[in-house]
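# Results of the structural survey
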Amino acid sequence: MDGRFLIAGERIATARRFQGCNPAAGVAIEGEFHVSGPDHVDRACAAADAAFDAFRETSPQARADFLEAVASHIEAIGEPLVERAMQETGLPRARLEGERARTTGQLRLFAQVLRAGRWAGVVIDSPLPARQPLPRSDLRQRRIAVGPVAVFGASNFPLAFSVAGGDTATALAAGCPVVVKAHPAHPGTSLLVAGAIDMAIAACGLPRGIFSIVQGPGNDLGAALVRHPAIKAVGFTGSRNGGLALVAIAQARPEPIPVYAEMSSVNPVILLPGALAERAEALGTAFVGSLTMGSGQFCTNPGLVFGVEGADLDRFVAAASAALAEAQPQVMLTQAIHVAFERGVETLSAGAALVGRGRAPDGCNRGQAALFTTDADAVIANPELVHEVFGAASLVVRARDLDQIARVLRTLEGQLTATLHLGEGDAEPARALLPILERKAGRILANGWPTGVEVAHAMVHGGPWPATSDPRSTSVGSAAIERFLRPVCYQDLPDALLPDAIRDGNPLGLPRLVDGELTR
């Protein structure tokens, strides 16, 4: 495999090298990868800045064709992409094939978004020269790309939240060049996808500077990328510590920039009395299926469960413990993630009662699932109990009544999701909890489990701090493009100087709000 990274279409080699690691075996994978340095970050950002003005004014159709070409080139890699990702992550084939389909699906979704045109946000207020006491000017608004975007590959999604993942797809759709900082845990996977993007750029005749990838171990490279003055926004999925570090760097710049970081969530699940009375055992079994999926390495993992203490909640815990005892430990993404998971389990053990564990590991870096219980008073007294443990660990909180559940929910940090399980007679208590959950979460579910995020127009994958650094945004769904656009108003410009999006005659065929009426 060619271990050289890509800057504006050029393959770059350096003296420093590093290797990927197979977490299932704890051994290095054959092949070396070249380590980028600060000078390469500067070259990539300069190329992105030079390509920006031309790229942002390409037609929506041209960018849509490009995104579809990226999807096709990724699919054309075929089996080598899945095999390399399996080696570097320990994830099973079916999961990675599904993730590849999600990645290409996201790219094609944003091609559709571009052709639909609502993203452009065209608004026209016609001039009123005879208005009294003052006339109104001709006012026209559109949204334009913010500038080059830095994207950080995620450890737990080597495809869908990585080099050609959601952040990259939305930034490119908006007309923003992208510089990717690849995750060091899957360098080979990252370069295979980067090559597909570069081939699509060449095939579509677009400026080569709209995409570059830098990589290497350590944090200095990412810090240099966020500090670079050409970068105007950042997309990140990862740990709270990592996200907060990038936010601090971005805010300390002479020109602060937004960081759209998805960081930390325990995704509370509320088991209402009617639901527990009707199906406690079934809920316990289904909960473990969600908890242990992918070794619990999802940002939407159900890490916190609430119920009113009593025989029905006991039935749920017993069923969950029994199901957990049969759960086979799965490979975690990296040794560091496995070590952090074990530390998190130790923290929970110090403040809560262990009521279930998965089967003992039979290899390195396997996460042994864990289930704990405590009471609501303990959670209020010790907030560390409800901090995220990245992996298959969860805490069941026993409350005296629904009012106490509401009190604890009010103390929680912001979350990506919140789930209500409802049964007979639960509508009114659920209605009482909804205003609290709306304040706390970006997505509210009923009678389901939070793992699994549909890539759709209505999806919100975001939430109040610290689930994300900006609660107004989503990293999944068509609204994700809004992160990388900003509005510009044009007042009394002659038609010949106006961009096509807002010219008379509507040459791009975009939907428009004209004098308060939607037209096309």
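Residues numbered from 1 in each chain as written. Predicted model: local features only at pLDDT ≥ 70, side-chain atom pairs only at ≥ 80, totals over all residues. Heavy atoms only, no water.

## Concerning unusual backbone geometry
Most peptide bonds take the trans configuration, and most residues that are not glycine carry a negative phi. Cis rather than trans, the peptide bond between Gln 132 and Pro 133 has omega equal to 5°. Of note, the amide linkage connecting Trp 465 to Pro 466 takes the cis form, showing an omega dihedral of 0°. Looking at the secondary structure, you find Pro 466 in the loop between strand S22 (441–446) and strand S23 (485–491). Its identity as a non-glycine residue notwithstanding, Asn 267 has a phi of 55°, on the positive side. Here Asn 267 shows up in the loop between strand S13 (259–262) and strand S14 (268–271). The phi dihedral of Asp 515 is positive, around 50°, even though this residue is not glycine. If you trace the backbone, Asp 515 turns up in the loop between strand S24 (512–514) and strand S25 (517–519). (Helix = DSSP H or I, 4+ residues; strand = E, 2+ residues; numbered from the N terminus.)

## What to know about the side chain of Gln 404
Structurally, Gln 404 is set in helix H13 (residues 402–411). Side chain to side chain, Gln 404 and Asp 377 meet in a polar contact 3.0 Å long. (Polar contact = N/O pair within 3.5 Å; in protein donor to acceptor, adjacent residues only side chain to side chain.)

## Topic: a negative patch on the surface
Together, Glu 309, Asp 375, Asp 401 and Asp 403 make up a region of like negative charge exposed at the surface. Among the secondary structure elements, Glu 309 is positioned in the loop between strand S15 (304–308) and helix H10 (311–325). (Patch = residues over 30% accessible without salt bridge, like charges linked within 9 Å, V, L, I, M, F, W, Y side chains within 5 Å. Areas by Shrake-Rupley, 256 points an atom, 1.4 Å probe, with all protein chains shown as cover. Salt bridge = Lys/Arg side-chain N within 4 Å of Asp/Glu carboxyl O. Lys, Arg positive; Asp, Glu negative; His and termini not counted. Charge placed at Lys NZ, Arg CZ, Asp CG, Glu CD.)

## Thoughts on helix H14 (residues 427–440)
Along an α-helix, residues three or four positions apart point the same way, because every turn accommodates 3.6 residues. The end-to-end C-alpha separation of H14 is 20 Å, in line with the 20 Å expected for 14 residues at 1.5 Å each. A bend of about 35° at Leu 434 is the largest found in H14, and the proline Pro 435 appears one to four places after it. Residues of H14 that are buried: Pro 429, Ala 430, Leu 433, Ile 436, Leu 437 and Lys 440. Those residues of H14 that are buried are in contact with S14, H13, strand S21 (415–421) and S22. (Expected span 1.5 Å × (residues − 1). Bend = angle between axes of the 7 residues up to and from the residue. Buried < 20%, exposed > 50% of the residue type's maximum accessible area, 1.4 Å probe, protein only. Contact = heavy atoms within 4.5 Å.)

## Quick word on the sheet that holds strand S7 (residues 122–125)
In space, the five strands of this open sheet follow the order S23-S8-S7-S24-S25, with mixed pairing throughout. The outermost strands of the open sheet, each flanked by one partner alone, are S23 and S25. Across the sheet, the axes of successive neighbouring strands diverge by a mean angle of 25°, strand direction being ignored. In the sheet, S24 pairs with S25 via three bridges, with the strands oriented antiparallel. The partner of Arg 512 across the bridge, within S25, is Thr 519. (Pairing = 2+ DSSP bridges. Axes fitted to C-alpha atoms, helices over the stretch in contact; angles between N-to-C directions.)

## As for the packing of helix H7 (residues 220–227) against helix H8 (residues 240–252)
Contact geometry of H7 with H8 gives a least axis separation of 9 Å together with a crossing angle of 35°. The two elements H7 and H8 meet at a crossing, and its hand is right-handed. Facing H7, whose interface residues are Ala 223, Val 226 and Arg 227, H8 presents Leu 246, Ile 249 and Ala 250. Of the residues in the contact of H7 with H8, the class split is five nonpolar, no polar and one charged. (Left-handed = near helix turned anticlockwise from the far one by under 90°. Nonpolar A, V, L, I, M, F, W, Y, C, P; charged D, E, K, R; others polar.)

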